[in-house]
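Geometric and topological summary
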Amino acid sequence: MKKPFYIAFIAAFLAVCLLPTAALLCGYKAENRENRPLARLTSLWERDGLNLSFPAEFDAYFEDHFGFREEMVTAFHGLTMALFGDTLNEKVIVGKNDMLFYSETLDDYLGRSLLSDGEIARIAACLRIEQEYCEAQGMSFTFAIAPNKNTIYPENMPAWLIPTGEPGNRERLYAALREAGVPTVDFASLLLSRKGEGQLYHDRDTHWNERGALIAYNAIMERVLSGAKYETYASLVPETVCDDAGDLHNFVLPALSGNRPRPDYGITANFSYDAGTRPSQDTTFGTTSGANGASLHLFRDSFGNALLPLLSTNLGRVKYSAEFPYNYTLLDEETPDAIFIELVERNIKNLLISTPLMPALERSDVSDAETEGGTARLTQYGRSGYTQLAGCFDAAAQPERIFVLLAQGDELHCFEAFPILEERAESLAGDMASPRGFSLTLPDTLSGEYEATILTGGIRYDAGTVVLANG
């Protein structure tokens, strides 16, 4: 009697194990609801011969595409959430009141792995340079941080996660920017002051909902239009619609349609995209409307998606760019009235990784440094028709202000560099005990051979020869 049972059990077990593979072989296609690209099918043989990475690459592909993946992932995470109050997914934190939070915001929430005071000061210095460049071109400049969801809803985070209570990167950067005179909008303060009006972020998404986006939209419009009238949508009362899912929902429950409530204001968008625009794919694109003659260039991340229909409907011209580092040469095509940077809180650290593509500011009030500091090492490379320099020198501390002096006979140019040690310059450090970095984009008017010197804090570093082929 037991033998048929064992056979049936083994057959059922094997069927369950083989079902995902069988479904994949029969043409099953996984639907990508996650906020990431799925792994692509790899090949055992490449142009140069045997692909030694094939096992790992195929494993990644199968993990993303096996049959009934969404249903199995949903069943697993639904069970763990019900039993343990946790998804066991490293990207998602289960909070209170059915809220999900993104794990990459934990450092900010807990106040750990914070930037040093020097790093905060250097980010402020970089943004000051960007502000000066924009204002020199006749454009206003504003920087704003889109707060992490747990910054606005800390009460819904798990009780076992206890913040230090110390000021985080966001608060400290805003303080440094105030001291540097860089215009900002404090989205977090605005959102916190209006939590009583209704929920401002999606339950199971990292981003603000339409109510939160409207608050941010109004703050941006006030900066861009400098007091001129515009549509605030203040008279609208939203309808609650229960069809909300979100990026975090799709990480853990991809087979279930969303049923979470969200506010729907019923706002009708009225604008047109530039010809050939693919909004979901293009890094940079523009919109036009007949609202007014005002124009804006918005450097943004995914928090800007909810702002797009509002800004595009109520500004005559908007150009959106998700390119990072920020590419100011895009402004060569058209000069807007205003530049606005929207950056999510968890990515503040990225501002010290790479230098914006922006013609360096030439300085005439920098005196020659008398103290010899040694030798700086330089590398140069091209991007978008410009020459960029990146380098490093050995110093006890990373300076906030660094100047690159280029001399060609009697011709002398002094440019302020971004105080950023880029990865391509780190490789030059070699035996340096404490390599400190700088990088800049040179104007396209320079051509020929220049002797380069780095000036900072009264110290000079010889950097050798730079050969430029611009002009």
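To be clear, the structure that these remarks concern was listed above.
Residues numbered from 1 in each chain as written. Predicted model: local features only at pLDDT ≥ 70, side-chain atom pairs only at ≥ 80, totals over all residues. Heavy atoms only, no water.

Taken as a whole, this structure holds 22 salt bridges when the rule is applied. Of the charged contacts in the structure, one is a salt bridge between Glu-323 and Arg-383, with a shortest N-O distance of 2.6 Å. Of this pair, Glu-323 sits in the loop between β12 (317-321) and β13 (338-344) while Arg-383 sits in strand β15 (residues 377-383), and the two are 60 residues apart along the sequence. Residue Glu-372 is joined to Arg-460 by a salt bridge in which the shortest nitrogen-to-oxygen separation is 4.0 Å. Here Glu-372, found in strand β14 (residues 371-375), pairs with Arg-460, found in strand β21 (residues 459-469); they are 88 residues apart in sequence, far enough to count as distant. Taking the relative accessible area as the measure of exposure, Arg-460 reaches 17% and is therefore buried. A single salt-bridge network, built from bridges that share partners, covers Arg-128, Glu-132, Arg-363, Arg-401 and Glu-416. (Salt bridge = Lys/Arg side-chain N within 4 Å of Asp/Glu carboxyl O. Helix = DSSP H or I, 4+ residues; strand = E, 2+ residues; numbered from the N terminus. Buried < 20%, exposed > 50% of the residue type's maximum accessible area, 1.4 Å probe, protein only.)

So, about the pairing of strand β17 (residues 402-408). Among the seven residues that make up β17, five are buried, leaving the element largely enclosed by the rest of the structure. Pairing geometry for β17 and strand β18 (residues 411-417), over seven bridges, is antiparallel. Paired with Val-404 across the two strands is Phe-415, which belongs to β18. The turn joining β17 and β18, which pair antiparallel and follow one another in sequence, is formed by two residues; a positive phi near 65 degrees is taken by Gly-409. Sheet topology places β17 next to strand β20 (residues 447-456); five bridges connect them, and they run antiparallel. Looking at the pairing, Leu-406 lines up with Ala-452 of β20. (Pairing = 2+ DSSP bridges.)

What follows concerns unusual backbone geometry. In this chain, Phe-324 is followed by Pro-325 through a cis amide linkage whose omega measures 5 degrees. Structurally, Pro-325 is set in the loop between β12 and β13. Residues other than glycine seldom take positive phi values, yet Ser-113 does so here, at roughly 50 degrees. Its location among the elements puts Ser-113 in the loop between α4 (106-110) and α5 (117-136). Of note in this structure, Ser-384 is not a glycine but carries a positive phi near 55 degrees. Ser-384 sits in the partly exposed class, given a relative accessible area of 48%.

Right, let's talk about the sheet that holds β14 for a bit. Ordered in space as β14-β21-β20-β17-β18, the five strands form an open sheet in which the pairing is mixed. In this open sheet, the two strands that pair with only one neighbour each are β14 and β18. When strand polarity is set aside, the average angle formed by the axes of neighbouring strands in this sheet is 30 degrees. (Axes fitted to C-alpha atoms, helices over the stretch in contact; angles between N-to-C directions.)

Moving on, we come to the sheet that holds strand β19 (residues 435-442). Across the sheet, which stays open at both edges, the three strands sit in the order β15-β16-β19 with antiparallel pairing between neighbours. Of all strands in the sheet, those bounded by a partner on one side alone are β15 and β19. The average angle at which neighbouring strand axes cross in this sheet is 20 degrees, direction not considered. Pairing of β15 with strand β16 (residues 386-394), which is carried by seven bridges, proceeds in the antiparallel orientation. Residue pairing across strands places Gln-380 opposite Leu-389, the latter belonging to β16.

Tallied over the full model, the rule gives 16 aromatic pairs. Seen from their ring centres, Phe-285 and Tyr-320 are 5.5 Å apart, and the 35 degrees between their planes marks the pair as tilted. Taken together, the residues span a long stretch of sequence, with Phe-285 in strand β10 (residues 284-288) and Tyr-320 in strand β12 at a distance of 35 residues. For Tyr-320, a relative accessible area of 0% corresponds to the buried category. Here the aromatic rings of Phe-324 and Tyr-326 are separated by 5.2 Å at their centres, their planes lie at 85 degrees, and the arrangement is edge-to-face. The exposure class of Phe-324 is partly exposed, given its relative accessible area of 37%. Of note, Arg-424 hangs over the ring of Tyr-381, and the distance from its end group to the ring centre comes to 3.6 Å. (Phe/Tyr/Trp six-rings, centres within 6.5 Å; stacked < 30°, edge-to-face > 60°. Lys NZ or Arg CZ within 6 Å of the ring centre and 35° of its normal.)

Counting buried positions over the seven residues of β13 gives seven, a clear majority of the element. Burial along β13 is two-sided: Ala-338, Phe-340, Glu-342 and Val-344 facing one way and Ile-339, Ile-341 and Leu-343 facing the other are all buried. Both strand β5 (residues 140-146) and β13 contribute to a ladder of seven bridges, which runs parallel. When the sheet's bridge partners are listed, Phe-141 is paired in β13 with Ile-339. As paired strands, strand β11 (residues 295-299) and β13 are joined by four bridges and run parallel to one another. Residue pairing in the sheet places Leu-296 in a bridge with Ala-338 of β13.

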